[in-house]
Amino acid sequence: MTGPTDPQPAEGTGPAVTTWQPAVASPLLRRRGAVAGTGPDAGVAWHYGDPTAEQRALAAGGAVVDQSHLGVVTVTGPDRLTWLHSITSQQLAGLAPRSSTETLVLSPHGHVEHAAGVVDDGATTWLITEGAAAAPLAAWLTSMQFMLRVEVADVTADWAVLGEPVDAEGGEGEPVTWRDPWPHTLAGGTRYGLPDDEHPGLDRPWRQVLVPRDDLLEAVAAREAAGWRLAGTWASEAARVEAWRPRSAVEVDHRTLPHELDWLRTAVHLVKGCYRGQEAVARVHNLGRPPRRLVMLHLDGSGHLLPEPGAEVRLPGEGGRVVGRATSVARHHELGPVALAVIKRSTPVDTDLLVACDGGDVAAGQEVVVAGEGISADRPAPSAPVARGLGPRTTR
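Residues numbered from 1 in each chain as written. Predicted model: local features only at pLDDT ≥ 70, side-chain atom pairs only at ≥ 80, totals over all residues. Heavy atoms only, no water.

Of all ten residues making up helix α5 (residues 233–242), nine are buried, and the element is well covered by its neighbours. Buried within α5 we find T233, W234, A235, S236, E237, A238, A239, R240 and V241. Following α5 by one or two positions, W244 has its phi on the positive side, about 60°. (Buried < 20%, exposed > 50% of the residue type's maximum accessible area, 1.4 Å probe, protein only. Helix = DSSP H or I, 4+ residues; strand = E, 2+ residues; numbered from the N terminus.)

Below, the structure written as structure tokens:
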């Protein structure tokens, strides 16, 4: 399943993403049996006729996923890493060649505007982001150049992304590769959920390999010749939901704080220098609590109903109060129908929920991703009584 087709604009000076029209439709959509994706996955295949077998192959480490609908932005010039370090949420100064991380562009109030996987090849910093976000991200970065020696380019038309279930950085002589750091808590980060060694995301090795767009078919054919299967986004999204991995195209709206998605694990460095939104991030971490929290929902599959992303999540009972919305919905080959949802932090963690669906509400048991108390694992102890409700000034 894919995400909402009409995402809300981000707050602040960041761009508003209002359409998921793909820049380029993948030639792999011409494969026999290919079913096109929709929403943020438009432009590539949802599956190729047997999504269950594709998921199993991906889980076994023997599948490749066409992600050529994603966006690619490059930054070159001698100041590129220190400049990106100064305006985004992650520690990027001194990033070693072929070392992967991820970063966020935040609003002044700490709300997520852009997210990107980051890898540097020694001469160019590569940013992998959502397809519809590439041009707005490049435009925002260009507006922040000032007099620094950097050049920004949206190279989505020239480069395609392939997803692989491999837990390794790209090596010398290999294509530029971004290895997903999730769910490892990086230096300077913190967690609002399970310890790294207990997190289900450990069972999802994942990396994204950049290939020239003209070589996409050849790169896939080489993997198939080695015994891998071509899989669609049905499979990769189901694995992402199982791993509780947030995705900016679907889990983020104009109010999202990274704390709500447990994104301080991999995308935010709490002790680096100033960047836009840093004070709000620190205030919530040190003194406040995120107003919402990410949760995984195990959906009742007995009625064969599957909610749409964006569906309301409610408390049970007559006149049940709306507490959030489903963000990602998938059919997992082992877990059955599952979803990620962003709900109010105050929602009891031991309460089953209802998700709105055509044909009747679907019952859902919740699995805690972000702790209900809204406190990180390393939150400093207060030295004096703290007023309640501290956080970014926003309407919830």
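Geometrically, the link from W182 to P183 is a cis peptide bond, its omega value of 5° lying close to zero. Locating P183 in the fold gives a position in the loop between β10 (177–179) and β11 (207–212). Within the chain, D262 stands out as a residue other than glycine whose phi angle is a positive 60°. With respect to the secondary-structure elements, D262 resides in the loop between α6 (248–251) and α7 (278–286).

What follows covers the packing of helix α1 (residues 51–59) against α5. A pair of packed helices can be characterised by two numbers: the angle between their axes and the separation between those axes. Running from N to C, α1 and α5 point in directions that differ by 55°, and their axes come no closer than 8 Å. With respect to their mutual orientation, α1 and α5 come out oblique. In the crossing of α1 with α5, the sense of the turn from one axis to the other is right-handed. Between α1 and α5, the residues in contact are P51, E54, Q55 and L58 and W234, A235, S236, A238 and A239, respectively. Partitioned by chemical class, the residues of the contact of α1 with α5 number six nonpolar, two polar and one charged. (Axes fitted to C-alpha atoms, helices over the stretch in contact; angles between N-to-C directions. Parallel < 35°, antiparallel > 145°, perpendicular 65-115°, else oblique. Left-handed = near helix turned anticlockwise from the far one by under 90°. Contact = heavy atoms within 4.5 Å. Nonpolar A, V, L, I, M, F, W, Y, C, P; charged D, E, K, R; others polar.)

Spatial ordering of the open sheet is given by β10-β11-β9-β3-β12, a layout of five strands whose pairing is mixed. With one partner strand each, in any of the chains shown, β10 and β12 (229–231) form the two edges of the open sheet. Averaged over all pairs of adjacent strands, the angle between strand axes in this sheet comes to 30°, irrespective of strand direction. Sheet analysis places strand β3 (residues 63–66) next to β12, joined by three bridges and oriented parallel. (Pairing = 2+ DSSP bridges.)

Turning our attention to α1. Along α1, the residues classified as buried are P51, A53, E54, Q55, A57 and L58. Among the structural elements, β2 (45–47), β3, β12, α5 and β15 (322–332) are those in contact with the buried residues of α1. G61, located one to two residues past α1, shows a positive phi value of around 85°.

So, about the sheet that holds strand β4 (residues 71–76). Read across the open sheet, the five strands follow the order β5-β6-β7-β4-β8; overall the sheet is antiparallel. Each edge of the open sheet is held by one strand with a lone partner, namely β5 (100–106) and β8 (151–154). When strand polarity is set aside, the average angle formed by the axes of neighbouring strands in this sheet is 25°. Where β4 meets β8, four bridges bridge the pair, whose relative direction is antiparallel. Bridging from a neighbouring strand, T76 pairs with E151 of β8.

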